[in-house]
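# Geometric and topological summary
Read off the chains here:
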Amino acid sequence: MKFAVIVFPGSNCDRDMYYAAKDALGEEADMLWYQEANLEGYDAILIPGGFSYGDYLRSGAIASTSDIVVQLREQADKGVPILGVCNGFQILLESGLLPGAMLRNKNLKFMCHFENLIVENNDTLFTSKYEKDEVVSIPIAHHDGNYYCDEETLARLKENNQIVFTYENNPNGSVADIAGIINEQGNVLGMMPHPERAVEAILNSDDGLKLFQSMLENWRERYVAGA
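Residues numbered from 1 in each chain as written. Predicted model: local features only at pLDDT ≥ 70, side-chain atom pairs only at ≥ 80, totals over all residues. Heavy atoms only, no water.

### Describing the environment of P81
- As for its position among the elements, P81 is in the loop between α2 (68–77) and β4 (82–85).
- Using a relative accessible area of 9% as the deciding quantity, one classes P81 as buried.
- Taking C-alpha positions, P81 is 25 Å from A176, a pair spaced 95 residues apart along the chain.
- Among all residues touching P81, those that are not within four sequence positions of it are D43, A44, I45, L125, F126, N187 and M215. (Helix = DSSP H or I, 4+ residues; strand = E, 2+ residues; numbered from the N terminus. Buried < 20%, exposed > 50% of the residue type's maximum accessible area, 1.4 Å probe, protein only. Contact = heavy atoms within 4.5 Å.)

Below is the structure:
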């Protein structure tokens, strides 16, 4: 399986994503500068955290207008798995690939610590290795992580089982305790916590590794087992 890690100016979790895919998971991975990236031929796309364009205007807003987002939309339409974490989630929201928006944390402070997440939906290509309602320990590191959507959108997310992760103890004020959501097609996941920072026990948790293992297992079932 071959992963693309998109690098924007201001990304700072790109190497973590690369390490998770290449070293922890043992698969191929490339770090691609956003202006030169060609996403054809990749089996999954990773949009890392950080502060793309310094978070000017809004977190992820400027990055969402870059040419690479056109390719992201094309790959999403083809069913290619796309994972956006933290600033990557914000970019997915700003580009319209996922519904909703991010507000400042309710305490108006940057927060960086481990949080317990509840796996609300394990019937996705990102979460099949987890158990339903499993509690996992994944670190957060954000200032604008307060997920917001209107009541109509929230009802649709619940109806379609698009809420994938929730916070056990909501740290940022996110509506319905939401930590991560998926698109209706099921191949685009955005989440504020950092699974790529929880892929080895030495990092205080390896609970994030199952997410990448789920992606790999799904890819093998689709493209290797039936070959």
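Now that the structure is up, let's keep going.
### What about the UniProt feature "active site" (unreviewed entry) in the chain?
- Here, the residues flagged by UniProt with the feature "active site" (unreviewed entry) are C86, H194 and E196. These annotated residues cover 111 residues of sequence, and their C-alpha atoms all fall within 11.0 Å of one another, placing them together at a single site.
- Of note, C86 is situated in the loop between β4 and α3 (87–94).
- Taking the relative accessible area as the measure of exposure, C86 reaches 5% and is therefore buried.
- Those residues in contact with C86, other than ones at most four positions away along the chain, are G49, A141, H142, M191, M192 and H194.
- In this structure, E196 sits in the loop between β11 (188–191) and α5 (209–223).
- Looking at E196, the relative accessible area reads 2%, which means it is buried.
- Here H194 takes part through its side chain, which lies 2.6 Å from a polar atom of the side chain of E196. (UniProt positions renumbered as here; feature names shortened; annotations may be inferred. Polar contact = N/O pair within 3.5 Å; in protein donor to acceptor, adjacent residues only side chain to side chain.)

### Structural notes on the environment of V164
- Assignment of secondary structure puts V164 in strand β9 (residues 163–167).
- Classification of V164 by relative accessible area gives buried; the value is 0%.
- C-alpha separation for the pair V164 and M102, spaced 62 residues apart in sequence, amounts to 17 Å.

### So, the sheet that holds strand β2 (residues 28–33)
- Strand order in this open sheet of nine strands is β2-β1-β3-β4-β11-β10-β9-β6-β7, and the pairing throughout is mixed. Only two strands of the sheet have a single partner each, and these edge strands are β2 and β7 (135–142). On average, each strand axis in the sheet is inclined to that of its neighbour by 20°, with strand direction left out of account.
- Docked against the sheet, α2 engages β1 (2–7), β3 (44–47), β4 and β11, running at close to 140° with respect to β3.
- Across the sheet, α3 touches β3, β4, β10 (178–182) and β11, and the angle it forms with β4 is around 115°. (Pairing = 2+ DSSP bridges. Axes fitted to C-alpha atoms, helices over the stretch in contact; angles between N-to-C directions.)

### Focus on the pattern of salt bridges
- For the structure shown, the criterion picks out eight salt bridges.
- The partner of D16 in a salt bridge is R197, and the shortest N-O contact between them spans 3.6 Å. Taken together, the residues span a long stretch of sequence, with D16 in helix α1 (residues 14–24) and R197 in the loop between β11 and α5 at a distance of 181 residues. (Salt bridge = Lys/Arg side-chain N within 4 Å of Asp/Glu carboxyl O.)

### A short note on the side chain of N172
- Here N172 is to be found in the loop between β9 and β10.
- Looking at N172, its side chain comes within polar contact range of the main-chain oxygen of G145, at 3.0 Å.
- Each residue touching N172, except ones within four places of it in the same chain, is listed here: R104, N105, K106, M111, H142, G145, N146 and Y167.

### Some thoughts on unusual backbone geometry
- One non-glycine residue, A176, adopts positive backbone phi at about 55°.
- Structurally, A176 can be placed in the loop between β9 and β10.
- The exposure class assigned to A176 is partly exposed, which follows from its relative accessible area of 34%.
- The backbone phi angle of N204 is positive, close to 90°, even though this residue is not glycine.
- The residue N204 is located in the loop between β11 and α5 in this model.

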